[in-house]
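Here's the letter readout for the chains.
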Amino acid sequence: MIHIRNFSEHRWFRAVDVPLSKPKVYNYSQTTPATQFEMFSASDCERLEKAFQNNKETEVVETDGLVTVHLKKGYCCPTYWDGFHYEVRRTLWHEICQNKKLSVIDPGVESIVEKKYTTGNRKVRLLWPVNKSKRVAYSGKFSQHNDTTRLILHDSYAWIPYLSKRILVRGIPLDFEQPKTRPPYIPRPVEHIVFCIHGIGQLLSLQYAQMNYVRDINAFRRMILQVADKKANSSSAAIEGEPLDDLNEGDKPIDNYNVTGAKPIQVFPIMWRGLLDTEEELKAQQLFGAPNVAADAVLDFIMYTEPRHKLRIQEIAASEMNRVFKQFCDLNPDFAKNPKVSIIGHSLGSVIAYDLMNSGSKDLEPDFTVSNLFLIGSPLGVLKLVNKQFKVEMGRAKNLFNIMKLSDPVSSRLEPLISKLSLGFGPAAVPGDGTNLLQQFKSLTDDLAKNTEILASKASAVLQMIASKEKVEPPLLLPAGDSHLPELEKFNRHGRLDFRVNETIDISLFLGIVGHFMYLDNPDVVRFILDEILINDK
């Protein structure tokens, strides 16, 4: 006898291909139905079914509850940020496809089939939706097959009906290929959360799928996984998981993993750009003529230089961090007892983060203490120099780090603003040998190959240059002892403020600009950030 699951239990699936809706800034309308679905984990299916039976409106699922399912409305979305919405289906009947694979069926069809089955009516007639405008008539009977209940449907108007049939099965028999499942929600004691504030260019995601900050944060999580995996020597809990493909463009979810001595951490994108909607912005975009990179990216920076828009951007970023913090505390009461928070600001996001930490306005004050502020690819130094502001303050942050690349045309140092003596030495080196560039430019080549052969060939040339270079010994974190300045001791445990990412070759301006967006997928950078968070938590 074949062991089968309890067929009285419903399963819960979510679409993974076509979103129902996107944030307002995308001006998106669904034109085709979703066809690819993945099942929530067994434990999440139980949580969803219990919540559904108890008439709840929503339930959180997947890693750290990063995904919220709206049970009655039939969709799921990110719990903590504004992302894509995907269809969710509660299923009991599934269609048998080739090689014993199962697929979900139209909710209307399933409702008719289950009603016929529960009322004891063996004959079924229904219209099967092929698309929005076409439906095909099917008819059939229920039958028993190896302890499973099946419904064999034939096309009522086909020339040879038995050649045009669909077979449905009630439940998910174990002898069938089990559906691909999502990562489960497993309660764990998250002790540190990280807010990541994006910089310019997020409107470019409307034209280029790769320019997507939520996807970047998912890449950050995957890189944390790789870094943590190399450090793992015990079963201590570590940073974990990736939410629902990001509920944007989607990448494969990652498994749980461990890091020696690491404490559970979760990261959240702070998506301020999509919430900024002003009449002045629309008029400014029209001044550029046709949509272009300048209109979508440079406009963000220009708007931040105008006091009224600057304040509005700061209010949005501060409000989003406080909102997410409160929501996470509500869902994780143990974390709320002793919360630890760090902030990462990239590019213009680093300026926003720094300004928030040093704002005297109570309206912009965070509802939490900031353990670490990481500025990456930051133009803050140049902006301060232009405005003749020669002071660098930590503000509300306990530790401050400025991570830069010498090849990045946007990033700049901060130490010379504090002491001219720092001009006598360069930034401290982030531990690592710089050979991670090979991996990064390989990914860059793959992405560019999808869009243009010319750019891909340029990246390939640089890739070959990197591969031909001999590996160098990892540099020390700090340069020689004469780089020590008392004025820098307050910023962090290293007594330095500027930290450079190691690069083994000189690269062109084009690739320098590309490298400006490639910090959080650099293993050296991720390892440095992770170490500072964990060490400072002690």
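Look a little higher up for the structure.
All of these numbers come straight from a predicted model, not from anything done at the bench.

### Notes on a nonpolar patch on the surface
Here is step 1 of the chain: A grouping of Val298, Phe301 and Ile302 is seen on the molecular surface, where their side chains present a nonpolar patch of about 230 Å² in accessible area.
Here is step 2 of the chain: Positionally, Phe301 belongs in helix H5 (residues 293–304).

### Observations concerning empty space enclosed by the protein
Here is step 1 of the chain: Evaluated as defined, the whole model comprises four cavities of 30 Å³ or more.
Here is step 2 of the chain: Its boundaries defined by the atoms lining it, the second largest cavity holds a volume of some 60 Å³.
Here is step 3 of the chain: As for the second largest cavity, its lining consists of 10 residues, of which Phe220, Ile224, Ile529, Leu530 and Ile533 are closest to the centre.
Here is step 4 of the chain: For the lining of the second largest cavity, the secondary structure elements donating two or more residues are helix H3 (213–231), strand S14 (265–270) and helix H14 (523–537).
Here is step 5 of the chain: It is H14 that provides the largest number of residues to the lining of the second largest cavity, a total of four residues.
Here is step 6 of the chain: Along the lines of polarity and charge, the residues of the lining of the second largest cavity split into 10 nonpolar, no polar and no charged.

### What about the environment of Ser103?
Here is step 1 of the chain: With respect to the helices and strands, the residue Ser103 is situated in strand S8 (residues 102–104).
Here is step 2 of the chain: When the C-alpha atoms of Ser103 and Leu168 are compared, they prove to be 9.4 Å apart, with 65 residues separating the residues in sequence.

### Focus on the environment of Pro19
Here is step 1 of the chain: By the element assignment, Pro19 lies in the loop between strand S1 (11–15) and strand S2 (37–39).
Here is step 2 of the chain: Sequence separation of Pro19 and Cys77 is 58 residues, and the distance between their C-alpha atoms is 9.9 Å.
Here is step 3 of the chain: Among all residues touching Pro19, those that are not within four sequence positions of it are Tyr28, Gln30, Phe84, His85 and Tyr86.

### Details of a positive patch on the surface
Here is step 1 of the chain: Among the surface-exposed residues, Arg122, Lys123, Arg125 and Lys141 lie close enough to one another that they form a single positively charged patch.
Here is step 2 of the chain: As for its position among the elements, Lys123 is in strand S9 (residues 123–129).
Here is step 3 of the chain: When its relative accessible area of 56% is taken as the criterion, Lys123 is described as exposed.

### Section: the sheet that holds S1
Here is step 1 of the chain: The strand order across the open sheet built from six strands is S2-S1-S6-S5-S4-S3, with neighbouring strands paired in antiparallel fashion. Looking at strand neighbours, the two that pair on one side only are S2 and strand S3 (58–61), the edges of this open sheet. Averaged over neighbouring strand pairs, the angle between their axes works out to 30° when direction is ignored.

### Describing the pattern of salt bridges
Here is step 1 of the chain: Counted under the stated rule, the structure contains 25 salt bridges.
Here is step 2 of the chain: The partner of Glu87 in a salt bridge is Arg89, and the shortest N-O contact between them spans 2.7 Å.
Here is step 3 of the chain: By relative accessible area, Glu87 is classed as buried at 16%.
Here is step 4 of the chain: Put simply, Arg273 and Asp300 hold a salt bridge, and the shortest N to O gap is 2.5 Å. On the criterion of sequence distance, the pair formed by Arg273 in the loop between S14 and helix H4 (279–287) and Asp300 in helix H5 is long-range, its members being 27 residues apart.
Here is step 5 of the chain: On the accessibility criterion, Arg273 (2% relative accessible area) is buried.
Here is step 6 of the chain: One continuous salt-bridge network, built from bridges that share partners, spans Glu38, Glu62, Lys180 and Arg182.

### Topic: the sheet that holds strand S7 (residues 93–96)
Here is step 1 of the chain: Strand order in the open sheet made by the six strands is S8-S7-S12-S11-S10-S9, with antiparallel pairing throughout. Looking at the sheet topology across the chains shown, the edges are occupied by S8 and S9. Each strand of the sheet is rotated relative to its neighbour by a mean of 35°, with strand direction disregarded.
Here is step 2 of the chain: In this sheet, strand S12 (residues 165–170) lies alongside strand S11 (residues 148–155) in antiparallel orientation, the contact comprising five bridges. In the strand pairing of S12, Leu153 is matched with Arg166.

### Examining helix H6 (residues 307–331)
Here is step 1 of the chain: Here H6 is 25 residues long and its end C-alpha atoms lie 36 Å apart, about the 36 Å a rise of 1.5 Å per residue gives.
Here is step 2 of the chain: A distance of 3.1 Å separates the backbone nitrogen of Arg308 from a side-chain oxygen at the start of H6, and that oxygen is part of Glu306.

### Describing unusual backbone geometry
Here is step 1 of the chain: One non-glycine residue, Glu62, lies in positive phi territory at about 60°.
Here is step 2 of the chain: Looking at where Glu62 falls in the secondary structure, it is placed in the loop between S3 and strand S4 (67–70).
Here is step 3 of the chain: Positive phi outside glycine occurs at Asp147, with the angle close to 65°.
Here is step 4 of the chain: Mapped onto the secondary structure, Asp147 falls in the loop between strand S10 (135–145) and S11.

### Concerning the pairing of S1
Here is step 1 of the chain: The buried fraction of S1 is high, at five of five residues.
Here is step 2 of the chain: The two faces of S1 match: Arg11, Phe13 and Ala15 on one face and Trp12 and Arg14 on the other face are all buried.

### A word on H14
Here is step 1 of the chain: The terminal C-alpha atoms of H14 lie 21 Å apart, and with 15 residues this matches the ideal 21 Å at 1.5 Å per residue to within 8%.
Here is step 2 of the chain: Within H14, 11 of the 15 residues are buried, which leaves it mostly tucked inside the rest of the structure.
Here is step 3 of the chain: If you check which residues of H14 are buried, you get Pro523, Asp524, Val525, Val526, Phe528, Ile529, Leu530, Glu532, Ile533, Leu534 and Asp537.

### Points about the packing of aromatic side chains
Here is step 1 of the chain: Applying the stated criterion across every chain yields a total of 18 aromatic pairs.
Here is step 2 of the chain: Considering the side-chain rings of Phe195 and Phe268, the 6.2 Å spacing of their centres and the 45° angle between planes classify their relative orientation as tilted. With Phe195 in strand S13 (residues 192–197) and Phe268 in strand S14, the pair connects residues that are 73 residues apart, well separated along the chain.
Here is step 3 of the chain: Aromatic pair Phe401 and Phe499: ring centres 5.9 Å apart, planes at 45°, arrangement tilted. On the criterion of sequence distance, the pair formed by Phe401 in strand S17 (residues 397–404) and Phe499 in strand S19 (residues 498–500) is long-range, its members being 98 residues apart.
Here is step 4 of the chain: Residue classification places Phe499 among the buried residues on the basis of a relative accessible area of 0%.
Here is step 5 of the chain: Taken together, the ring pairs in this structure connect Tyr80, Phe195, Phe268, Phe325, Phe328, Phe335 and Phe368 into an aromatic cluster.
Here is step 6 of the chain: For Arg14, the ring lying beneath its charged end belongs to Tyr86, and the centroid distance is 4.7 Å.
Here is step 7 of the chain: Looking at Lys405, its charged tip hangs above the ring of Tyr519, at a distance of 4.6 Å from the centre.

The rules we used
- Residues numbered from 1 in each chain as written.
- Predicted model: local features only at pLDDT ≥ 70, side-chain atom pairs only at ≥ 80, totals over all residues.
- Heavy atoms only, no water.
- Patch = residues over 30% accessible without salt bridge, like charges linked within 9 Å, V, L, I, M, F, W, Y side chains within 5 Å.
- Areas by Shrake-Rupley, 256 points an atom, 1.4 Å probe, with all protein chains shown as cover.
- Salt bridge = Lys/Arg side-chain N within 4 Å of Asp/Glu carboxyl O.
- Helix = DSSP H or I, 4+ residues; strand = E, 2+ residues; numbered from the N terminus.
- 1 Å grid on protein atoms, 1.4 Å probe; cavity = no way out; pocket = protein on both sides within 12 Å on 5 of 7 lines; lining within 4 Å.
- Points joined across faces, edges and corners; volume = space filled by probe spheres on them.
- Nonpolar A, V, L, I, M, F, W, Y, C, P; charged D, E, K, R; others polar.
- Contact = heavy atoms within 4.5 Å.
- Lys, Arg positive; Asp, Glu negative; His and termini not counted.
- Charge placed at Lys NZ, Arg CZ, Asp CG, Glu CD.
- Buried < 20%, exposed > 50% of the residue type's maximum accessible area, 1.4 Å probe, protein only.
- Pairing = 2+ DSSP bridges.
- Axes fitted to C-alpha atoms, helices over the stretch in contact; angles between N-to-C directions.
- Expected span 1.5 Å × (residues − 1).
- Polar contact = N/O pair within 3.5 Å; in protein donor to acceptor, adjacent residues only side chain to side chain.
- Phe/Tyr/Trp six-rings, centres within 6.5 Å; stacked < 30°, edge-to-face > 60°.
- Lys NZ or Arg CZ within 6 Å of the ring centre and 35° of its normal.

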